[in-house]
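Here is how the chains run, residue by residue.
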Amino acid sequence: MSDRNVIEEVEARLEYVPRWRLILGVLLLLPPFTLLGLILLTYELFKAGKRVREVENETLIAEGTASTEKSDGGAE
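The rules behind these values
- Residues numbered from 1 in each chain as written.
- Predicted model: local features only at pLDDT ≥ 70, side-chain atom pairs only at ≥ 80, totals over all residues.
- Heavy atoms only, no water.
- Helix = DSSP H or I, 4+ residues; strand = E, 2+ residues; numbered from the N terminus.
- Buried < 20%, exposed > 50% of the residue type's maximum accessible area, 1.4 Å probe, protein only.
- Contact = heavy atoms within 4.5 Å.
- Salt bridge = Lys/Arg side-chain N within 4 Å of Asp/Glu carboxyl O.
- Patch = residues over 30% accessible without salt bridge, like charges linked within 9 Å, V, L, I, M, F, W, Y side chains within 5 Å.
- Areas by Shrake-Rupley, 256 points an atom, 1.4 Å probe, with all protein chains shown as cover.
- pLDDT = per-residue confidence, 0-100.

## Structural notes on the overall build of the chain
And step 1. Helix and strand counts for the chain stand at three helices and zero strands.
And step 2. Its helices and strands in sequence order give the chain the pattern α-α-α, from N to C terminus.
And step 3. Counting all 76 residues of the chain, 14% fall into the buried class.
And step 4. Taking the intrachain contacts of the chain between residues at least 6 apart in sequence as the baseline, contacts between residues at least 24 apart amount to 53%.

Below is the structure:
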């Protein structure tokens, strides 16, 4: 995976992380709470990754359905 793909993946996941949890995770990165902050941000990005995949799958299914309908329409 190239660096460009990693950056795009993180940006896509950040869209699905609630803003307050993102702020809390960044604040917890301060020295006394660093491990807790890393765990929270990692968990939130993991959950957001599932949502990103669901949205991508829904989009792919919708596009597949639209192309199937076009090809079916020409067959009649």
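Alright, that's what it looks like, and here's the rest.
## What about the pattern of salt bridges?
And step 1. All chains considered together, the criterion is met by five salt bridges.
And step 2. Between arginine 13 and glutamate 9 there is a salt bridge; the shortest N-O distance is 2.9 Å. Taken together, the residues arginine 13 and glutamate 9, both in helix α1 (residues 3-14) and four residues apart, mark about one turn of the helix.
And step 3. The class for glutamate 9 is buried, based on a relative accessible area of 19%.
And step 4. Put simply, arginine 53 and glutamate 56 hold a salt bridge, and the shortest N to O gap is 3.3 Å. Pair noted here: arginine 53 and glutamate 56 are both in helix α3 (residues 34-75), with a separation of three residues, about one helical turn.

## Looking at the side chain of glutamate 44
And step 1. Structurally, glutamate 44 is set in helix α3.
And step 2. The contact partners of glutamate 44, leaving out residues within four places of it in the chain, are Val17, Pro18 and Arg21.

## Some points on a nonpolar patch on the surface
And step 1. A cluster of nonpolar side chains, contributed by Val6, Val10 and Leu14, occupies part of the molecular surface with about 200 Å² of accessible area.
And step 2. Among the structural elements, valine 10 can be located in helix α1.

## Overview of the confidence of the model for the chain
And step 1. Of all residues in the chain, 84% have pLDDT values of 70 or greater, and the mean over the chain is 79.
And step 2. At the low end of the mean pLDDT range in the chain sits α3, at 78; at the high end sits helix α2 (residues 19-27), at 86.

## Some words on the environment of leucine 24
And step 1. Note that leucine 24 resides in helix α2.
And step 2. Exposure remark for leucine 24: the relative accessible area of 36% places this residue in the partly exposed category.
And step 3. For the pair formed by leucine 24 and leucine 40, sequence separation is 16 residues and the distance between their alpha carbons is 8.6 Å.

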